[in-house]
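Coordinate analysis (summary)
Below, each chain spelled out in residue letters.
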Amino acid sequence: MAQGAQPAAGEVGTSKNPSEAGVTPGTVAAAAPAAAAGTTTADPAAIAAGDALFKANCAQCHAINDVVVGPAMAGIAKRRPMSWLIPWIKNSSKMVASGDEYAVKIFNEYQKQQMPSFQLSDAEITSIIAYVTDAETKTVAVGTGLDSKSGDQAAVDGTATAGGEASSSMNILLIVLVVVLIVLVVTLVIIANIMKDVLRGRKDLDGRDREQIEQRFDYSRIYKSTAVRGIVGAVFVLAVLYETIQGAMGVGLSQGYQPTQPIAFSHKLHAGENQIDCAYCHTSVYKGKSANIPSPNICMNCHSQIKTESPEIKKIYRAIERKQPIQWVRVHNIPDLAYFNHSQHTQVAGLECVTCHGPIENMEVVYQYSALTMGWCINCHRETPLNTKGNGYYDNLVKLHDSKNGAVPFTVSSNGGTECSKCHY
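Here the structure is a predicted model, which is why all the values come from computation and not from measurement.

Further remarks concern unusual backbone geometry. In this model, Lys-307 sits at a positive phi of 50°, which is unusual for a non-glycine residue. With respect to the helices, strands and loops of the structure, Lys-307 is situated in the loop between α13 (296-303) and α14 (311-321). Positioned with a positive phi, Lys-323 is a non-glycine residue whose angle comes to about 55°. Relative to the helices and strands, Lys-323 is located in the loop between α14 and α15 (342-348).

In C-alpha cells form, the structure reads like this:
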C-alpha cells in the first residue's frame, strides 16, 4: 500500500503490514477472542480487543460515524451479517470478483479502491464488530442524554451545577473582600492627611510636635545605603552566574525544539482526532533502528481522495510529480557517539510512543518533549523494571539479583543497561 496502491474502500480499514495475528508489530494484540464467529458480543474483553484491532488496522480509513476514505462503520452489523463480513474483510477482492451484489456496490461507490486482505481470525473480526457496535451505542446514548436526561444524569448535572454555583459565589466573595480592603486603605490614607492638616492649623504645638508633623520620608537614603547596594549587587552577580551556568549546561540540548516544517502536518488531527496508529506512517517504528519518516506514497493512501484541493496537500503532489523527497526537518536527533535502537525500546521493551515523545496526539507542530540527554536515559534504565516473565534467559540472573538485593526490582540497569559499552562502542 505504501508503494502506490490505493487505500481501502470497503467496510473495514487498511493496514500497512499486518502480522499473522492481524496486528501491526508492537501494537496491542487482542485481549481475548470474541464469542463464536457470526455473532457480536458485549464482553468487555472482546470489545477491548476489538478497539486495539480497529485502531491498528481500520482507523486509517474508517471512522464510526464519519466517512473517511471508506464508509462509516456505524450500523455495519445491521447492514450485513457476520457470515458476509468475515469473508469480505479477509479478501474483499475475491468477493468483488465473484460478483457479490453488495460487494460490487461498495467497490463502485468508493471509486473502485480495493481494500487489502487481512490475516485476521474469525474471532478477531467479531471483536472488531463488537467494538464498533459498542462505540455506536455509546454515541447514541450521549446524543440522547443531551436532549432528555435520565435521573442519574440529571443528578450528576445538578451536582455539577451546584458545585459551579458555589465556586462562582466564592469568587464573587473574594472580589468583594479585595475591593473592601482597597477602600479601607484609601480611607485611612485620606483620614491621616486630614488629621495632619488639622494639626498644622493649631498654634499651641511646640517645635518638636510640629517637626514630627512636617517630617518627610527621605527615599534617597534607601539607594544610598551601603547595605542595600551590597544586597542588590550580590543578587545581580548570583543571577548572572546562574544564567551562565544554565546556558553552559544547556549547550547541545534541544528540549522544546520546534522547527517549522515544509508542510503544515498536524499530529493532533491525524494521531489525535482521527486516531491513526503511529506505525501506519512510521512503518519501521517496531522493526527498525530508526522510526522512518513516511514517504509521500503513504500520504496518498488517504489524500488521493481527502482534501485534494488543500494548498498543503498540493505540496505533496508536487513532490511526487518532481520525484523529489519532502524536506522534512528532523526534530529528535541523538549524537552519532551514542547508539540507539528504536525497535529495541518499542518492540522488545514495549514502551509507548508517549514515553519519550510526550503527548504527540495533542501537538499541532511536533516539538522535542524529552531532554534525550545521557542522564535522562540512564535514569530511565535505573527506574524501569525489566519484563523477564516467560524468558528463561533471565531466570538465573533474576535469582542472583533477588538473593543479593532483596525486594529491589530487576531493572534495565540490573541487566547492564547503564554500562558505557551499551551505548558507546
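Next up on the list: the pattern of salt bridges. Pairing between side chains of opposite charge can happen when the charged atoms of each approach one another. Applying the stated rule across the entire model yields 4 salt bridges. The salt bridge involving Asp-122 is made with Lys-90; its shortest N-O contact spans 2.6 Å. Here the residue Asp-122 occupies a position in helix α6 (residues 122-147), and Lys-90 occupies one in helix α3 (residues 82-90), the gap between them amounting to 32 residues. Classification of Lys-90 as partly exposed rests on a relative accessible area of 30%. Notably, a salt bridge pairs Lys-314 with Glu-309, separated by 3.6 Å at the nearest N-O pair. A relative accessible area of 61% places Glu-309 in the exposed class.

Moving on, we come to the packing of aromatic side chains. Applying the stated criterion across every chain yields a total of 6 aromatic pairs. Ring centres of Trp-84 and Trp-88 lie 5.2 Å apart, and the angle between their planes is 20°; on these two criteria the pair is classed as stacked. With Trp-84 and Trp-88 both in helix α3 and 4 residues apart, this pair spans about one turn of that helix. Summarising the burial analysis for this pair, Trp-84 and Trp-88 share the class buried. Pairing Trp-84 with Tyr-102 gives two aromatic rings, centres 5.4 Å apart and planes at 85°, and the pair type is edge-to-face.

Together, Val-178, Ile-182, Val-186, Ile-190, Ile-194 and Val-198 make up an exposed nonpolar region whose accessible area comes to about 530 Å². Mapping Ile-194 onto the fold places it in helix α7 (residues 151-200). Judged by relative accessible area, which is 47%, Ile-194 ranks as partly exposed.

Another point: the environment of Leu-85. Mapped onto the elements of the fold, Leu-85 is located in helix α3. Sequence separation between Leu-85 and Asp-122 is 37 residues, and the spatial gap between their C-alpha atoms is 9.7 Å. Residues in contact with Leu-85, not counting those within four places in the same chain, are Ile-76, Arg-80 and Ile-129.

What follows is about the confidence of the model for the protein chain. A low pLDDT score tells you not to read the predicted coordinates there in detail. Per-residue pLDDT for the protein chain averages 80, and the proportion of residues at 70 or more is 83%. In this model residues 1-41 is a low-confidence stretch, pLDDT under 50, and it forms 153 contacts with partners more than four residues away in sequence or in other chains. This model gives residues 146-156 a pLDDT under 50, and the stretch forms 2 contacts once residues within four places in sequence are excluded.

What follows covers the nonpolar core. With 31 residues, the main nonpolar core has Phe-54, Trp-84, Trp-88, Leu-120, Ile-128, Tyr-131 and Val-132 as its most contacted residues. With sequence-adjacent residues up to four places away left out, Ile-128 is seen in contact with Gly-50, Leu-53, Phe-54, Cys-58 and Leu-120. Within the second largest apolar cluster, 7 residues are counted, among which are Ile-263, Cys-299, Ile-316 and Ala-319.

Helix packing geometry: the angle between the two helix axes and the distance between the axes. Direction vectors running N to C along α13 and α14 enclose 130°, while the axes themselves pass 10 Å from each other. Comparing the axis directions of α13 and α14 gives the class oblique. Note on packing geometry: the crossing formed by α13 with α14 is left-handed. Counting all contacts with α13, which are made through Pro-296, Cys-299, Met-300 and His-303, the residues of α14 involved are Ile-313, Ile-316, Tyr-317 and Ile-320. Of the residues assigned to the contact of α13 with α14, the class counts are 7 nonpolar, 1 polar and no charged.

Calculation notes
- Residues numbered from 1 in each chain as written.
- Predicted model: local features only at pLDDT ≥ 70, side-chain atom pairs only at ≥ 80, totals over all residues.
- Heavy atoms only, no water.
- Helix = DSSP H or I, 4+ residues; strand = E, 2+ residues; numbered from the N terminus.
- Salt bridge = Lys/Arg side-chain N within 4 Å of Asp/Glu carboxyl O.
- Buried < 20%, exposed > 50% of the residue type's maximum accessible area, 1.4 Å probe, protein only.
- Phe/Tyr/Trp six-rings, centres within 6.5 Å; stacked < 30°, edge-to-face > 60°.
- Patch = residues over 30% accessible without salt bridge, like charges linked within 9 Å, V, L, I, M, F, W, Y side chains within 5 Å.
- Areas by Shrake-Rupley, 256 points an atom, 1.4 Å probe, with all protein chains shown as cover.
- Contact = heavy atoms within 4.5 Å.
- pLDDT = per-residue confidence, 0-100.
- Core = buried A, V, L, I, M, F, W, Y, C linked by side-chain atoms within 4.5 Å.
- Axes fitted to C-alpha atoms, helices over the stretch in contact; angles between N-to-C directions.
- Parallel < 35°, antiparallel > 145°, perpendicular 65-115°, else oblique.
- Left-handed = near helix turned anticlockwise from the far one by under 90°.
- Nonpolar A, V, L, I, M, F, W, Y, C, P; charged D, E, K, R; others polar.

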